[in-house]
Amino acid sequence: MPDNSRKRQNNKHQPEVPNISNVPSFLGTHWVGLFQTDVTFKSEHFEAALQNLIKQPNINSTVILRADILLENKYTYTEGEEEPSLEKLTSEFATTRPDIPTGNDDEVILEKNLDDIELKEVPLEPASRPKVEIVRRIIPRNPFKDCIINQTCLILELKDEPDSETYDSTLVVYNPHIDNKDDCPFYLPGVQAVGILYRKGTLSLHYLPFNHDDPSTIAAFKELDSSNRDIRIAFRLLQTAKKHSAGSMAGYQKRVKHDLVVSKVSFQDRYIALKKKYSKQLVDGWVESTDPRKHVFEDIAIAAFLIELWSNIYKDKNEFEFRDLGCGNGLLVHILVSEGYRGIGIDARARKSWKTYPEEVQSHLKEQVIIPSVLLRPHPAVKNMAPHITDNGRVFHVPINNGGDVPVVAYYSSASLLRAPNVNTAQFPKNTFIIGNHSDELTCWIPLLGYPFLVIPCCSHALSGARVRYPSRRRPNQGHNQNGSALGASSTYAALVDHVEDVAKQMGWKVEREMLRIPSTRNAAIIGYEKDTRTRGPSVYDILLQEGGAEGWVENTMTLTKRPPRSH
């Protein structure tokens, strides 16, 4: 199993690696017993936790992205029956190879023995029987640097005593499909197999070395100290197994459910390709004062999600175009346009980053304020009676702070704002898809604009642009929402996300929610791309009235060009 990082972490919070045990391995003379610790959980807690760790090896290593399960056998033993019942599962991954896009023909995805999907056995002296047999494919975060491999994972029941009639212990084995230590990818220890054993209230970690028939190999392992990488990995694996098994006993259940809208595999494969293509140049060329690694990798992940979402919705790139409202540094627009998607990013203020992008991308970034046309155009009832009227006749007073003693006020009529080149009324082509990536004041407006959308709420604002705290739809500690989201029942952010979803549903959208795999705690995406045509909901004017109106939006928006930009 995996190492957690490429460099040793000198972290004072990491437990010190103890001395290697001198007790012979219970698994047999071919094995090296390294560490053992007393535990209070039971075998069933250990098994449940390790099944989860088998399917999510990224928990053990930041170098690993995911595991694709190729095949899985589950055995059920019934008293009085000679043979167990067997449930077999073979996935589509067993007959396909990883489909990770590459930027050019010179890029090579590293892999080792991927055609070998046969279950591997290990030598054991205690009597054993299989409970779960899995072959998984480990996908590293950077398959251009670390090999993709297959690995057998076994959950076995062992007899504590040779003449016992019961199987009292549980062993989990990780056995990579490689031939020697030199073939081991970085994220694995340099051994043929790893065994994690639960037996009589203890948890222990064992290695099966390559060349384990040679007694000197076993002896050599015993001479290693805590500075050795393989020994550190072993101790960390033991600690992780202990922690997650204790969590299983305590009834812990993961509260966030990802991958409800876009599959994890397609998203992560796309993310790998985009990260390889863009991350280094964007991080190295960052000109903003914000943290480049957070913004670059976050927007690459959002771009990967959007690309896979759009591939599910549209036939091809030419079927639609996007508008990124409140596009900020324009990074997401840069990636999407560079990937061949048609669209425009709009923000009230240009950023330094805009000039660093290719001219083709710069032409897709517009410095404009968004004033939805509903705030400037006549009401439909008025328009029906007087078709020649093109605006609602309002005049807006916008204070200007010029630093003097005499207050200055600018006056804007609806008619002048409709003509102003720096005003965008959010009237786009019918085939437009709206993106609201942490778009602040625009967040609650985006579902009201009438176009398919994805919005990632961030800061809580009313339709007037003023700060607001929406009431929670749940009482504190009432539980999770339908997606199992980790959003707290009484948090401001949870209430905002719920409110955006409610507004979208009132507008007739079939709403989906996804917890994005991005490096941000504000990672809830509300998505709507289909309307429910069975019922006719309220109009945008009805919702404006229901939400307390949008009085102040125009004034607040027109002052944005005078303020320094925010960053998240």
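Since the model is a prediction, treat every value here as computed from it, not as a measurement.

Here is what the cut-offs are and how they apply
- Residues numbered from 1 in each chain as written.
- Predicted model: local features only at pLDDT ≥ 70, side-chain atom pairs only at ≥ 80, totals over all residues.
- Heavy atoms only, no water.
- Helix = DSSP H or I, 4+ residues; strand = E, 2+ residues; numbered from the N terminus.
- Buried < 20%, exposed > 50% of the residue type's maximum accessible area, 1.4 Å probe, protein only.
- Contact = heavy atoms within 4.5 Å.
- Areas by Shrake-Rupley, 256 points an atom, 1.4 Å probe, with all protein chains shown as cover.
- Lys, Arg positive; Asp, Glu negative; His and termini not counted.
- Charge placed at Lys NZ, Arg CZ, Asp CG, Glu CD.
- Pairing = 2+ DSSP bridges.
- Axes fitted to C-alpha atoms, helices over the stretch in contact; angles between N-to-C directions.
- Core = buried A, V, L, I, M, F, W, Y, C linked by side-chain atoms within 4.5 Å.

Focus: the overall build of the protein
The helix and strand tally for the protein stands at 12 helices and 20 strands. Its C-alpha atoms give the protein principal-axis dimensions of roughly 95 × 50 × 50 Å. Across the 568 residues in the protein, those meeting the buried criterion constitute 52%. In the protein, the proportion of contacts linking residues at least 24 apart, taken out of those at least 6 apart, comes to 66%. Accessible area of the protein: about 27600 Å², with a carbon and sulfur share of 47%. In the protein, which carries 69 positive and 71 negative side-chain charges, the distance between the mean positions of the two groups comes to 8 Å.

Observations regarding the sheet that holds strand 12 (residues 365–367)
Judged by pairing direction, the sheet is mixed, and its seven strands sit side by side in the order 12-11-10-17-18-20-19 without closing on themselves. Among the strands making up the open sheet, the edge pair consists of strand 12 and strand 19 (509–515). Taking each pair of neighbouring strands and ignoring which way they run, the sheet shows an average axis angle of 20°. As paired elements, strand 11 (residues 343–347) and strand 12 share three bridges and run parallel to each other. When the bridges of strand 12 are listed, isoleucine 346 appears paired with lysine 366. Against the sheet, helix 6 (residues 331–338) makes contact with strand 10 (321–325), strand 11, strand 12 and strand 17 (432–437), and its axis sits at roughly 170° relative to strand 10, the strand it touches most.

A short note on the nonpolar core
Grouped together as the largest cluster of nonpolar side chains are 50 residues, with contacts concentrated most on Leu325, Ile371 and Trp445. Only strand 13 (369–370), strand 14 (395–400), strand 18 (453–456), helix 10 (492–506), strand 19, strand 20 (524–531), helix 11 (540–546) and helix 12 (553–558) provide two or more residues apiece to this core. Here the element with the most residues in this core is helix 10; it accounts for seven residues. Here isoleucine 371 is in contact with Leu376, Leu417, Val423, Asn424, Thr425, Trp553, Val554, Thr557 and Met558, once residues within four sequence places are set aside.

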